[in-house]
Amino acid sequence: MAAHYGPWWSPLLFWRQRRRIKALPLWLAPVCIGCVAALLAWTADHAFARFTALTGRWWWWPFLSLPLGGMALTLLIRRAGKGAEGSGIQQVVAALRVTDEPERMRGLVALRLAFVKFAAIVGGLGSGFVLGLEGPTVQIGASIFHSFRRFLPVGSAIERRQLILAGGAAGIAAAFNAPLAGLIFAFEELLPVTRGHTPAKLTLAVILAGMVAAPVFGYESYFGRVSLSGDMPLRFIPLLVLLALVGGFTGGLFSWLVIRAASWLPHSLWRLRMRHPYVFVATCGLLIALAGTAAPIFGSGADLTKAVLAGEAQLSWQYVPLKFAGLVLTSLTGLPGGIFSPSLSIGAGLGFYFAQFAGLWQNAFICVGMASVLAGATRAPLTAAFILIEMTDGHAIVLQTLGAAFLAAWAARFFRVRFYHDLAARILHAEAPAAREPALPATDRGDGAPRTR
């Protein structure tokens, strides 16, 4: 049997080995993404821990670190990282639409942007800004996977889409230690703008990235375990429905405030943002520092959310509005940073408030609130629900989480914005700077699908 294919130099065996060698980058790329995601999480945690320690020692430290750190990061982005602003998911969505234009695509997914994004996230959390790692990890993952194109026989735009798509999905899977959520995110948020996708490549990338990141993050779920005893009484259902609607409205309002900033910011502030970005970033930093003196809103909020779910911490009434304001201010600066973890933290606060009325089932209300705010902000209900289910091992509240996420996404349609898709449209259809931002075209047809020009 060993001689079935002939000696090692036979043409057939050589051709088979050659195919395996060509597929090797598809295995190496997600492994690299998992390693980078783990390194980013470890470095960012240490940076934020250092910020927390300094704040505990000197109460005035945020008033120094936020403005100066914000200006330094703005300088870094403007000088070396044009295209690394914001979450990073919008850049991936935009790149998937212009894969037939290599020059434009290189300004959205590239190793240079991955390095800048990595440094900016660590610096942002080390300064105290309200941001998460998940969106940036998507852009970093897409950039790394796309950089492997030089080792593959990639000759068409469709194949380049496959690489970017797989890298983005692997980034979410590695950032949240949630492979299933990575798949759902890709199918719900990224696949609508692709053609000719390959589910096998996508699944392989997610599995490998998750396998590499899991030993670093541990095999426990991100926010611990949610254990419920018995079935939730029917009398709580109206309260859960109200929580889902409030959470969806809160998430949708956040998206609208960021996307339509020109319609509500005073003219003087908008002009300051456009003409004097360093002063604007410093001002936002000072406002975040001021809010942080009244509530622990700095950073992503993941550690505080874990403590609340474990029953080890309480949230004050001002936490949600101040955390919401801090996330809006951070997003308006354009600094690199994700919105997933901060949105989940805001949702945890809403759920905690509602649980005080019920008196029972606190963790169930917290999980529903988290899924609702994230679904409202992204209008991706499946992604929000499955992220919560995987991150809390919350199989006991699968139906409540799924129902709340879809109800919240429906409520968020009131604002007629799609956060990542509208930001991607702004990137692709950017116009010359003006004193006031021109109105963006409508992106909602009423069925939830983005409208492209």
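Scroll up to find the structure.
The paragraphs below set out a description of the structure included in this document.

Here is what the cut-offs are and how they apply
Residues numbered from 1 in each chain as written. Predicted model: local features only at pLDDT ≥ 70, side-chain atom pairs only at ≥ 80, totals over all residues. Heavy atoms only, no water. Helix = DSSP H or I, 4+ residues; strand = E, 2+ residues; numbered from the N terminus. Buried < 20%, exposed > 50% of the residue type's maximum accessible area, 1.4 Å probe, protein only. Contact = heavy atoms within 4.5 Å. Areas by Shrake-Rupley, 256 points an atom, 1.4 Å probe, with all protein chains shown as cover. Phe/Tyr/Trp six-rings, centres within 6.5 Å; stacked < 30°, edge-to-face > 60°. Axes fitted to C-alpha atoms, helices over the stretch in contact; angles between N-to-C directions. Parallel < 35°, antiparallel > 145°, perpendicular 65-115°, else oblique. Left-handed = near helix turned anticlockwise from the far one by under 90°. Polar contact = N/O pair within 3.5 Å; in protein donor to acceptor, adjacent residues only side chain to side chain. Nonpolar A, V, L, I, M, F, W, Y, C, P; charged D, E, K, R; others polar.

## Structural notes on the overall build of the protein chain
Thinking step 1. Along its length, the protein chain carries 20 helices and zero strands.
Thinking step 2. Counting across all 453 residues of the protein chain, residues that qualify as buried make up 55%.
Thinking step 3. Relative to all contacts within the protein chain whose residues are 6 or more apart in sequence, the contacts with residues 24 or more apart total 80%.
Thinking step 4. Put simply, the protein chain shows about 19500 Å² of open surface, and 66% of that area lies on carbon and sulfur atoms.

## Observations regarding the packing of aromatic side chains
Thinking step 1. By the definition in use, this model includes 14 aromatic pairs.
Thinking step 2. Relative to Phe-63, the ring of Trp-59 lies with its centre 6.3 Å away and its plane at 75 degrees, an arrangement referred to as edge-to-face.
Thinking step 3. An angle of 55 degrees between the planes, with centres 4.8 Å apart, marks the rings of Phe-249 and Phe-415 as tilted. With a gap of 166 residues between them, Phe-249 in helix 10 (residues 237-259) and Phe-415 in the loop between helix 19 (398-412) and helix 20 (419-428) connect regions that are remote in the sequence.
Thinking step 4. Overall, the relative accessible area of 40% leaves Phe-249 in the partly exposed class.

## A closer look at the packing of helix 10 against helix 19
Thinking step 1. The interhelical angle for the contact between helix 10 and helix 19, taken along N-to-C directions, is 45 degrees, at an axis separation of 7 Å. When the axes of helix 10 and helix 19 are compared, the pair comes out oblique. Where helix 10 crosses over helix 19, the two elements pack in a sense that is right-handed. Note on element contacts: helix 19 touches helix 10 through Gln-400, Ala-404, Leu-407, Ala-408, Trp-410, Ala-411 and Ala-412, opposite Leu-240, Val-241, Ala-244, Leu-245, Gly-248, Phe-249 and Gly-252.

## Examining the side chain of Ser-300
Thinking step 1. Examined against the element boundaries, Ser-300 turns out to sit in the loop between helix 13 (277-292) and helix 14 (302-309).
Thinking step 2. Assessed through its relative accessible area of 17%, Ser-300 is described here as buried.
Thinking step 3. Polar contacts involving the side chain of Ser-300 include one to the main-chain amide nitrogen of Ala-302, which spans 3.3 Å.
Thinking step 4. With sequence-adjacent residues up to four places away left out, Ser-300 is seen in contact with Leu-125, Leu-131, Gly-132, Lys-323, Ser-341, Pro-342 and Ser-345.

## Some words on the packing of helix 10 against helix 16 (residues 340-358)
The relative placement of two packed helices is expressed as an angle between their axes plus a distance between the axes.
Thinking step 1. Running from N to C, helix 10 and helix 16 cross one another at 155 degrees; their axes reach a closest spacing of 10 Å. Regarding the angle of helix 10 to helix 16, the classification is roughly antiparallel. For the pair helix 10 and helix 16, the crossing hand works out as right-handed. Residue-level inspection shows Leu-239, Leu-242, Leu-243, Val-246, Gly-247 and Thr-250 of helix 10 in contact with helix 16, the latter providing Ile-346, Leu-350, Gly-351, Phe-354, Phe-357 and Ala-358.
Thinking step 2. Of the residues assigned to the contact of helix 10 with helix 16, the class counts are nine nonpolar, three polar and no charged.

Note that every value here comes from positions in space, so none of it alone points to a role or purpose.
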